[in-house]
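# Survey of secondary and tertiary structure
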Amino acid sequence: MHKRRSGNGSQSSNANGHFKDMNRRGGYDPERGALSASDVNSGIMEQQNNERISELSEQVAMLKGLTIDIGNEVREQNGLLDQMQDGFSSTGDMLAGSLRRIGTMLESGGAKHMMYMVGFIVGVMILLWMLMKKS
């Protein structure tokens with residue numbers, strides 16, 4: 001039947017000793033050869049943690065690749081913007097030079113050059129109108 005516990009708390013009431021103090025031995029009972037439930041749970045939790053760590057590592061690697069790609073794209077776009085800025089600067093310089101020459105021409109030639117310019121613009125407009133009418 002049941003035996004009473006002895007004064008020493010390290011042994012249980014079972015006579016064959018299967019349930020000795022498992023916390024003192026780390027949860028392993030050498031007589032039974034089995035792990036305790038807490039050891040099994042900690043093993044499962046460690047395995048889940050390792051799986052999650054590997055998932056996080058994959059995500060970090062993916063994000064690292066993405067940031068490298070973004071950095072490369074930004075550098076490429078900056079290069080294109082610099083080229084566009086240079087193109088617009090040269091176009092602005094050409095327009096400023098053209099306006100300066102037109103101003104000089106108008107100041108020196110007076111009304112005669114202005115009439116030539118107006119006649120040229122009217123002629124281009126008539127030519128464009130005729131081309132549009134044929135189409």
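For clarity, every value in this text was computed on a predicted model and none was experimentally measured.

Tallying secondary structure elements over the chain gives 2 helices and 2 strands in all. Mapped from its N terminus to its C terminus, the chain presents α and β elements in the order β-β-α-α. Of all intrachain contacts in the chain linking residues separated by at least 6 positions in sequence, the fraction that spans at least 24 positions is 0%.

This part is about the confidence of the model for the chain. Averaged over every residue, the pLDDT of the chain is 79; residues scoring 70 or more account for 73%. Element-level mean pLDDT values for the chain span from 52 in strand β1 (residues 28-29) up to 90 in helix α1 (residues 37-109).

The rules behind the values
Residues numbered from 1 in each chain as written. Predicted model: local features only at pLDDT ≥ 70, side-chain atom pairs only at ≥ 80, totals over all residues. Heavy atoms only, no water. Helix = DSSP H or I, 4+ residues; strand = E, 2+ residues; numbered from the N terminus. Contact = heavy atoms within 4.5 Å. pLDDT = per-residue confidence, 0-100.

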